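Listed below are the residues making up each chain.
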Amino acid sequence: MIRGLGGRLWRTPRALRPRIFFQQVPEGKTAKNLLHLDVRAAPGLHGDERMAALEAECERLVGLGATRLRRDEPAPPTSAGYIVMADPEGNAFCMD
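Owing to the predicted nature of the structure, the values given are computational and were not obtained by experimental measurement.

## As for the pattern of salt bridges
Moving on, step 1. Using the criterion set out here, one finds 6 salt bridges in the structure.
Moving on, step 2. Glutamate 73 is paired through a salt bridge with arginine 71; the nearest N and O atoms lie 2.7 Å apart.
Moving on, step 3. In this structure, a network of salt bridges that share partners links the residues Glu55, Arg68, Arg71 and Glu73.

Spelled out as C-alpha cells, the structure:
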C-alpha cells in the first residue's frame, strides 16, 4: 500500500510500487539533511503528451495542498522537462 499526498491510501501491484534511488552528489553537507524526491508521473510518454500529463498531475497535487514552483522545459538531448513542486510543508520534489 502507498499513502499519497492528501493521505489517500491505495493498493498497487508490487511491480508498480515506487522505487527510491539514492544518488551521491559531489558537494558536502552544509546544513540540515535534505531529501529530494523525483516522482515519475508520465512514464513512457514523450514530448507534448508527456508535459500535458505532468501538468494534469501538477494540477491534481495543487488541489491537495502542494505548491507549483516552476516548470523546466525540455532541453534535448539530456532533459525531458519536469515540474518542480513543494509539499504542504515546503519540501521540494520534481515530477518527471
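Moving on, there is more to tell.
## Let's talk about the nonpolar core
Moving on, step 1. Ala42, Met51, Leu54, Cys58, Leu61, Ala66, Ile83, Met85, Phe93 and Met95 form the largest nonpolar core, which has 10 residues in total.
Moving on, step 2. Of all the elements, helix 1 (residues 47–63) adds the most residues to this core, at 4 residues.

## Some words on a nonpolar patch on the surface
Moving on, step 1. On the surface, Leu35, Leu37 and Val39 cluster together into a nonpolar patch covering about 270 Å² of accessible area.
Moving on, step 2. Tracing the backbone shows valine 39 in strand 3 (residues 37–39).
Moving on, step 3. Residue classification places valine 39 among the partly exposed positions, given a relative accessible area of 36%.

## Quick look at the sheet that holds strand 6 (residues 92–95)
Moving on, step 1. Strand order in the open sheet formed by 4 strands is 3-6-5-4, and the pairing between neighbours is mixed. The sheet is open, and its two edges are formed by strand 3 and strand 4 (67–72), each paired on a single side. Strand-to-strand twist across the sheet, computed as the mean angle between neighbouring axes with direction ignored, equals 25°.
Moving on, step 2. Looking at chain direction, strand 3 and strand 6 are connected through 3 bridges and run parallel. Counted as the bridge partner of leucine 37 is phenylalanine 93 from strand 6.
Moving on, step 3. Helix-sheet contacts for helix 1 involve strand 4, strand 5 (82–86) and strand 6, and the interaxial angle to strand 5 is about 10°.

## Describing the confidence of the model for the protein
Moving on, step 1. Taken as a whole, the protein shows an average pLDDT of 77; of its residues, 65% reach a score of 70 or greater.
Moving on, step 2. Across the protein, strand 4 holds the top mean pLDDT of 93, while strand 1 (residues 2–3) sits lowest at 45.
Moving on, step 3. Every residue in residues 1–5 is under pLDDT 50, and counting partners more than four places away or in other chains gives 18 contacts.

## Some points on the side chain of aspartate 72
Moving on, step 1. Note on placement: aspartate 72 falls in strand 4.
Moving on, step 2. Only 3.1 Å separates the side chain of aspartate 72 from the side chain of arginine 70, close enough to count as a polar contact.
Moving on, step 3. Side chain to side chain, aspartate 72 and tyrosine 82 meet in a polar contact 2.6 Å long.
Moving on, step 4. Beyond its immediate stretch of four places on either side in the chain, aspartate 72 contacts Met51, Gly81 and Tyr82.

Procedures and definitions
Residues numbered from 1 in each chain as written. Predicted model: local features only at pLDDT ≥ 70, side-chain atom pairs only at ≥ 80, totals over all residues. Heavy atoms only, no water. Salt bridge = Lys/Arg side-chain N within 4 Å of Asp/Glu carboxyl O. Core = buried A, V, L, I, M, F, W, Y, C linked by side-chain atoms within 4.5 Å. Buried < 20%, exposed > 50% of the residue type's maximum accessible area, 1.4 Å probe, protein only. Helix = DSSP H or I, 4+ residues; strand = E, 2+ residues; numbered from the N terminus. Patch = residues over 30% accessible without salt bridge, like charges linked within 9 Å, V, L, I, M, F, W, Y side chains within 5 Å. Areas by Shrake-Rupley, 256 points an atom, 1.4 Å probe, with all protein chains shown as cover. Pairing = 2+ DSSP bridges. Axes fitted to C-alpha atoms, helices over the stretch in contact; angles between N-to-C directions. Contact = heavy atoms within 4.5 Å. pLDDT = per-residue confidence, 0-100. Polar contact = N/O pair within 3.5 Å; in protein donor to acceptor, adjacent residues only side chain to side chain.

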